[in-house]
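Chain by chain, the residues:
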Amino acid sequence: MGKRIRVDKLLSHMGFGTRSEIKKAVKQGKVTVDGKTVKDSGLIVDPGHNEIAYEGSPVVYRDVVYFMMNKPPGVISATEDGRERTVIDLLEPEDRLLEPFPVGRLDKDTVGLLLLTNDGQLAHELLSPRKHVPKTYQARVRGDVGDDDKQRFQEGVALDDGYVTMPAELQVLERQNQDGDVYSTIRLTIHEGKFHQVKRMFEAVDKKVVYLKRVSMGPLGLDETLPEGTYRELTEEELDSLRMHRHSGS
Ligand code: URA
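Read on for an overview of the structure.

Rules used in this analysis
- Residues numbered from 1 in each chain as written.
- Predicted model: local features only at pLDDT ≥ 70, side-chain atom pairs only at ≥ 80, totals over all residues.
- Heavy atoms only, no water.
- Near = heavy atom within 4 Å.
- Polar contact = N/O pair within 3.5 Å; in protein donor to acceptor, adjacent residues only side chain to side chain.
- Areas by Shrake-Rupley, 256 points an atom, 1.4 Å probe, with all protein chains shown as cover.
- Helix = DSSP H or I, 4+ residues; strand = E, 2+ residues; numbered from the N terminus.
- Contact = heavy atoms within 4.5 Å.
- Core = buried A, V, L, I, M, F, W, Y, C linked by side-chain atoms within 4.5 Å.
- Buried < 20%, exposed > 50% of the residue type's maximum accessible area, 1.4 Å probe, protein only.
- Domains from an automatic or database assignment.

Looking now at the site of the ligand. Residues in close proximity to the ligand include Leu106, Asp107, Thr110, Tyr137, His196, Gln197, Val198, Lys199 and Leu212, which together make up its full environment. Between the ligand and glutamine 197 there is a distance of 3.5 Å, counted from an oxygen atom to a backbone nitrogen or oxygen. A distance of 3.1 Å separates an oxygen atom of the ligand from a polar backbone atom of lysine 199. For the ligand, whose free accessible area comes to 240 Å², the fraction covered by protein is 96%.

Time to look at the side chain of lysine 213. Along the chain, lysine 213 turns up in strand S13 (residues 208-217). A polar atom in the side chain of lysine 213 sits 3.1 Å from the side chain of glutamate 224. Once residues within four sequence positions are removed from consideration, lysine 213 is found in contact with Thr110, Val111, Gly112, Thr136, Tyr137, Gln138, Leu222 and Glu224.

Further remarks concern the nonpolar core. Among the nonpolar cores identified, the biggest contains 32 residues, and Val7, Leu10, Leu11, Ile52, Leu126 and Leu234 are the most heavily contacted of them. Elements supplying a minimum of two residues to this core: helix H1 (7-13), helix H2 (19-27), strand S2 (31-33), strand S5 (52-54), strand S7 (66-71), strand S9 (111-117), helix H4 (120-127) and helix H7 (236-248). Two domains each put at least three residues into this core: domain 1 (5-58) and domain 2 (66-129 + 225-248). Setting aside anything within four residues of it in sequence, one finds isoleucine 52 in contact with Val7, Leu10, Leu11, Thr32, Val33, Val45, Pro47, Ser57, Pro58 and Val59. Listed in part, the 30 residues of the second largest apolar core include Val65, Met69, Ala168 and Val198.

Moving on, we come to the environment of methionine 244. One can find methionine 244 in helix H7. For methionine 244, a relative accessible area of 49% puts it in the partly exposed group.

Laid out in structure tokens, this is it:
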């Protein structure tokens, strides 16, 4: 038996636009199924059997998946590793079939938002250095993070290899004293993704990240109801927000 899917969902998954853009395209008569103009964007089709076309060009169907994971500590964000457990090992066997991979890397001890997909184009766009997709991290840092650090991060700091970071926004949420040391809870938004970037930025201002969690990536925020080590499919709204982000070119 073939797969049954709404034609607007299929086209949106194939990168033809958001669900509302597809609706508009349907109204404009741009979508045909088996040569007939589609009237209802909710039409159910079987991509294995029906011939779907957008502006006259056949749409080649490929099944895509998008998962949001709350990465736990102790696993690496790669698809395969000879020795270590990877985020792919945390997926149910049926969710591995379409070979999703993590979009970008979090360190082994970093937790939080990780997107997994087999949509290479979307992944490429989210990771492209030219797109400067913002990533926000929450961290616990040993040291008294203050206005000086905010300013330095805003101006850009030189990392250990001499690379000067792009302007980043730092916010201090809380300060605590513990065993004679001061610890700061912060949020930092960066617009690039150098290796160990957040940890190295704090090293550059003589402080140490002791806990790091990614809370957002572009328009996608971590679903805080997901326990660490679990995941779910992106909602249509989340997927649309990623696609809009892509179209806006920001
Ligand atoms: N910055 C880091 O230092 N580590 C991460 O995992 C992500 C950003």
